[in-house]
Amino acid sequence: MCQAQRSPNAHTRCEKTVRKLSEKPVSIILSAVTPDIWELSPGSRWGLRSDYYFHWEFESRWYRFLIPAGFEFDGASVPWFLRWIAGRGRFGLLAPLVHDWLHAQKGSVAVDWDAEGTWVRHYFASDFTRQEADKMFFLIMRYDGVEPRWLRRCAYKAVRLWSIIKRDAWEN
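Residues numbered from 1 in each chain as written. Predicted model: local features only at pLDDT ≥ 70, side-chain atom pairs only at ≥ 80, totals over all residues. Heavy atoms only, no water.

Engineer: Just to check I follow, could you spell out the overall build of the protein chain for this structure?
Structural biologist: Check the secondary structure of the protein chain and you find 3 helices and 10 strands. Scored against the burial criterion, the 172 residues of the protein chain give a buried share of 42%. Intrachain contacts of the protein chain at a sequence separation of at least 6 include 53% that bridge at least 24 residues. For the protein chain, the computed accessible surface area is about 9,800 Å², with 54% contributed by carbon and sulfur atoms. (Helix = DSSP H or I, 4+ residues; strand = E, 2+ residues; numbered from the N terminus. Buried < 20%, exposed > 50% of the residue type's maximum accessible area, 1.4 Å probe, protein only. Contact = heavy atoms within 4.5 Å. Areas by Shrake-Rupley, 256 points an atom, 1.4 Å probe, with all protein chains shown as cover.)

Written out as structure tokens, the structure is:
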């Protein structure tokens, strides 16, 4: 369902409500303008040509953060022995872009929130945990229609397992 955004200076947004891993529903809001991504290395490295704002809603308040132009990411990392089941392209590029950005920033990103039609900047970084970054990865894949369901869940379990191995701590 697409609707006009409340903020006059922003693009039209597409909204889809999905169920969070906990019992609370969360809405993922994606810009109708897809991120301007180009392939740096065939099938293994991508870059962002222009700034991209990622939007979402939590507890009736809209939030967004900026992923700046020039950010490079490797997409969904799939071990070579599993690529016959799920190649890198099966997970889309938006979920890996947001997940890799959160990891590159060690969860510390500046977040804006919508204060009745006007975006207000936090003047401090919001700290996302690895678990929250992993949940965001899962929810974006779900929003993007990554199917079948078992593939999406396996990708989520794999990133969670890696985070648990790292003791859910960001590396310095």
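Engineer: Which parts of the structure should I look at to understand the pattern of salt bridges?
Structural biologist: As a working rule, side chains carrying opposite charge can pair if their charged atoms are close by. Taken as a whole, this structure holds 5 salt bridges when the rule is applied. The salt bridge involving Asp112 is made with Arg64; its shortest N-O contact spans 2.8 Å. Here Arg64 lies in strand E7 (residues 61-67) and Asp112 lies in strand E9 (residues 108-114), a separation of 48 residues in the sequence. In this pair, the class of Asp112 matches that of Arg64, namely buried. Across the pair Asp134 and Arg160 runs a salt bridge, and its minimum N-O distance is 2.9 Å. Of this pair, Asp134 sits in helix H2 (residues 130-144) while Arg160 sits in helix H3 (residues 149-165), and the two are 26 residues apart along the sequence. Since its relative accessible area comes to 0%, Asp134 is described here as buried. Using a relative accessible area of 10% as the deciding quantity, one classes Arg160 as buried. (Salt bridge = Lys/Arg side-chain N within 4 Å of Asp/Glu carboxyl O.)

Engineer: Is there a simple way to think about the packing of aromatic side chains in this case?
Structural biologist: Aromatic ring pairs are reported here in terms of the distance separating the ring centres and the angle at which the planes meet. Evaluation of the coordinates by the stated rule reveals 10 aromatic pairs. Centre to centre, the rings of Phe54 and Trp56 are 5.9 Å apart; their planes meet at 25 degrees, and the pair counts as stacked. Site record: aromatic cluster; members linked through ring pairs are Phe54, Trp56, Tyr63, Phe65 and Phe128. (Phe/Tyr/Trp six-rings, centres within 6.5 Å; stacked < 30°, edge-to-face > 60°.)

The values are spatial; any link to function lies outside them.
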